[in-house]
Structure formats: C-alpha cells, structure tokens
Amino acid sequence: MTSAPLTIGQVILAGMLMFINIGLSMGLKLGLERSLLVAAVRMTAQLLLVGLVLNWLFSLASPGPILLVSLVMATLASYDAVQRTSYRFAGIFLSSFVSILSAAFLVTGLAVAGILRVQPWYHAQYMIPVLGMVLGNMMSGISLAADRFMGDVANGRDRLETLLALGASRWEAAHPEVRTAMRTGMIPTINSMMVMGLVSLPGMMTGQILAGAPPATAVRYQVVIMFVIASATALGLLGMILLTFRVLFDEGDRLRLDRLQATRR
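The structure displayed is predicted, hence computed values, not measured ones. (Residues numbered from 1 in each chain as written. Predicted model: local features only at pLDDT ≥ 70, side-chain atom pairs only at ≥ 80, totals over all residues. Heavy atoms only, no water.)

Next up on the list: the overall build of the protein. For the protein, the count of helices and strands is ten helices and two strands. Helices (α) and strands (β) of the protein occur, in sequence order from the N terminus, as α-α-α-α-β-α-α-α-α-α-α-β. Projected onto its principal axes, the C-alpha coordinates of the protein cover approximately 70 × 55 × 35 Å. Scored against the burial criterion, the 265 residues of the protein give a buried share of 32%. Positive and negative charge centroids in the protein, built from 19 and 12 side chains respectively, lie 9 Å apart. (Helix = DSSP H or I, 4+ residues; strand = E, 2+ residues; numbered from the N terminus. Buried < 20%, exposed > 50% of the residue type's maximum accessible area, 1.4 Å probe, protein only. Lys, Arg positive; Asp, Glu negative; His and termini not counted. Charge placed at Lys NZ, Arg CZ, Asp CG, Glu CD.)

Another aspect to go through is the layout of surface pockets. Taken as a whole, the largest pocket encloses approximately 1700 Å³ of empty space. Taken together, 38 residues line the largest pocket, and the ones lying closest to its centre are Arg 42, Met 43, Gln 46, Leu 47 and Val 50. Where the lining of the largest pocket is concerned, the elements lending two or more residues are α1 (8–15), α2 (18–27), α3 (33–58), α4 (63–81) and α6 (124–155). Here the lining of the largest pocket gets 16 residues from one element, more than from any other, and that element is α3. Of the residues belonging to the lining of the largest pocket, the class tally is 30 nonpolar, six polar and two charged. (1 Å grid on protein atoms, 1.4 Å probe; cavity = no way out; pocket = protein on both sides within 12 Å on 5 of 7 lines; lining within 4 Å. Points joined across faces, edges and corners; volume = space filled by probe spheres on them. Nonpolar A, V, L, I, M, F, W, Y, C, P; charged D, E, K, R; others polar.)

Overall, the prediction assigns the protein a mean pLDDT of 88, with 95% of residues at 70 or greater. Mean pLDDT in the protein bottoms out at helix α9 (residues 203–210), which sits at 71, and peaks at helix α7 (residues 157–165), which reaches 94. (pLDDT = per-residue confidence, 0-100.)

Here the focus is the pattern of salt bridges. On inspection of all chains with the given rule, the structure shows seven salt bridges. Between Asp 80 and Arg 84 there is a salt bridge, with the nearest N and O atoms lying 3.0 Å from each other. The class for Arg 84 is partly exposed, based on a relative accessible area of 48%. Salt-bridge contacts for Asp 152 lead to Arg 148; the nearest nitrogen and oxygen are separated by 2.9 Å. Residue Asp 152 and its partner Arg 148 are both found in helix α6; the two are separated by four residues, about one turn of the helix. Owing to a relative accessible area of 21%, Asp 152 belongs among the partly exposed residues under this scheme. The class of Arg 148 is partly exposed, set by a relative accessible area of 36%. (Salt bridge = Lys/Arg side-chain N within 4 Å of Asp/Glu carboxyl O.)

The omega torsion across Gln 119 and Pro 120 is -5°, close enough to zero to call that bond cis. With respect to the helices and strands, Pro 120 occurs in the loop between α5 (92–115) and α6. The backbone of Arg 117 shows a phi angle near 55°, a positive value even though the residue is not glycine. With respect to the element layout, Arg 117 can be found in the loop between α5 and α6. Relative accessible area serves as the criterion here: at 63%, Arg 117 is assigned to the exposed category. Here Asp 253, not a glycine, exhibits a phi torsion of approximately 60°, which is positive.

Turning our attention to the packing of aromatic side chains. All chains considered together, the criterion is met by five aromatic pairs. Relative to Phe 245, the ring of Trp 171 lies with its centre 5.6 Å away and its plane at 85°, an arrangement referred to as edge-to-face. In this pair, Trp 171 is assigned in helix α8 (residues 170–195) and Phe 245 in helix α10 (residues 215–248), connecting sequence segments 74 residues apart. In textbook terms, an aromatic cluster arises when at least three aromatic residues are bridged by ring pairs, as seen for Tyr 79, Phe 93 and Phe 97. (Phe/Tyr/Trp six-rings, centres within 6.5 Å; stacked < 30°, edge-to-face > 60°.)

The subject of this paragraph is α4. With 19 residues, α4 should reach 27 Å at 1.5 Å per residue; the first-to-last C-alpha distance of 27 Å fits that figure. Buried within α4 we find Ile 66, Ser 70, Ala 74, Ala 77, Ser 78 and Ala 81. One face of α4 carries all of its buried residues, which in axial projection span an arc of 110°. Facing away from the buried surface of α4 by more than 90 degrees, the exposed residues are Leu 68 and Leu 76. (Expected span 1.5 Å × (residues − 1). Arc of directions from axis to C-beta.)

Our next topic: the packing of α5 against α10. Contact geometry of α5 with α10 gives a least axis separation of 8 Å together with a crossing angle of 155°. By the criterion of interaxial angle, the relationship of α5 to α10 is roughly antiparallel. The chirality of how α5 crosses α10 is right-handed. Across the interface between the two elements, Ile 92, Ser 95, Ser 96, Val 98, Ser 99, Ala 103, Leu 106, Val 107, Ala 111 and Ile 115 of α5 pack against Val 224, Val 228, Ser 231, Ala 232, Leu 235, Gly 236, Gly 239, Met 240 and Leu 243 of α10. (Axes fitted to C-alpha atoms, helices over the stretch in contact; angles between N-to-C directions. Parallel < 35°, antiparallel > 145°, perpendicular 65-115°, else oblique. Left-handed = near helix turned anticlockwise from the far one by under 90°. Contact = heavy atoms within 4.5 Å.)

Structure (structure tokens):
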C-alpha cells in the first residue's frame, strides 16, 4: 500500500478549516484574524518552497550543497531560539549558534552514519529531515532554558551577590539556576516522550505509515529519532547555559548584570 496522492483542491479544502479559527477569533474578539491568515499563508509558502528545494537536494550526490542547506537551517534555528527571550546580551546569537550547531551536527551525524548507517552519510533524504526534527526541538528547549536562566539570575541578584561575597565560586552560587534552566529546557521533550504512543502519534511515524511503511518499522524509526532529539537537546541546552553563564559571571567570580538587557515584548 502506498500513500494516496493529494490534489491542490484537497489542500485548499483543508485550508478552509482555518475559517474555524478565524470565526472563533472574531466571535470572541481575540484579534487573531490577521495573525492566523499570515501564519497559514506563510506556512504554505514555506513548505511549498521547501518541497522544491528538497526535490533538488535529493537529486544531488555531493555533500557540499547539503551541508550548506544544513548550515542555513542551523543559523535560522539559532536566531529564532533567542528571539523571544526576555533578556539579551551581546553575543547571544553567537552563543545560540555555537550551541545548536555543535550539538545538532554531532548527534545527527552519529545517528545518520552510525545508527541508521546511511550510505553515503550525507544522503539528503535522511540528513535533512532528521536534522530538521532535531533543530526544531532544540530551538524550543534552548529558548525556554536561556530565558529561565537569565530571568532567574536577574531576579536572584541579592542571593547571588551575597553568596559570592561570602566566598562562593560563581559555579557554586549559580548552580541552582543552572539546574533549574536545564530542567525547564528538557521538560517539553520529556513530556512528549512520556505520552508518545498513548496520547499522541508523532508526525514522523504517522507520515511513514501513511506512506505505506509497516507500523513496526515506523515505530522503530520514531524511537530512534526521539532518542536523538533528547540527546541533542540536552547537549544544546548545556552549551547555551554554560556560554550564558560565562557572560553573566566573570572569571573574578563577579555577577555582571550590566551585560544583560531586558527586551521589549
């Protein structure tokens, strides 16, 4: 069995379901009509463009363009991860980029080459979807963790400066904030894993089943992907928090809140 082809008309019919959201927004005076329309049009345009790019990538046998597209994806994810934080510091985008790029490429590379054993390792049909799922989850986790860490440090200034004045090292003083931020960033992934298969059927597994893959095969792929996502997210969170930690606490064990700026949201 193979997946049933979808016509443009069927896609348009599905798009008409958005009128439910728009109707509710108008009836309840939520003011989300414009946002809903823009989001729907933007999503459709972006996915159609991605479909064209993927068709081109899948036909290539060279790692250069595939790695370039992967780098662009990581750059966009790094930028978006710090766009909605309540605080910023100079170099926050670079910190996000380094954390996401190193963790995502390391774990995705191990998954594609060492676990899935794709030949060649840069096969776009595997590399791009796996990397996309990893980046999407890392982006959310890093955004939550960085926002929580910077907020807790800013709000806990008195406690932190007291500990530092009493002789605690910067790590000893900030360890509770680091631990809380790591937990905050990992919670979405853990929650997703806890209910997967009971409450929700993940998109990758559903897509494979709709495409005709045996359910057992689809389940195995999904389990592998979730382990990859969890490990990449943990490494990315740790990298981002440690880089932020080095900015907010200097080598002289001093709190440097002067480097932190609140954003207007």
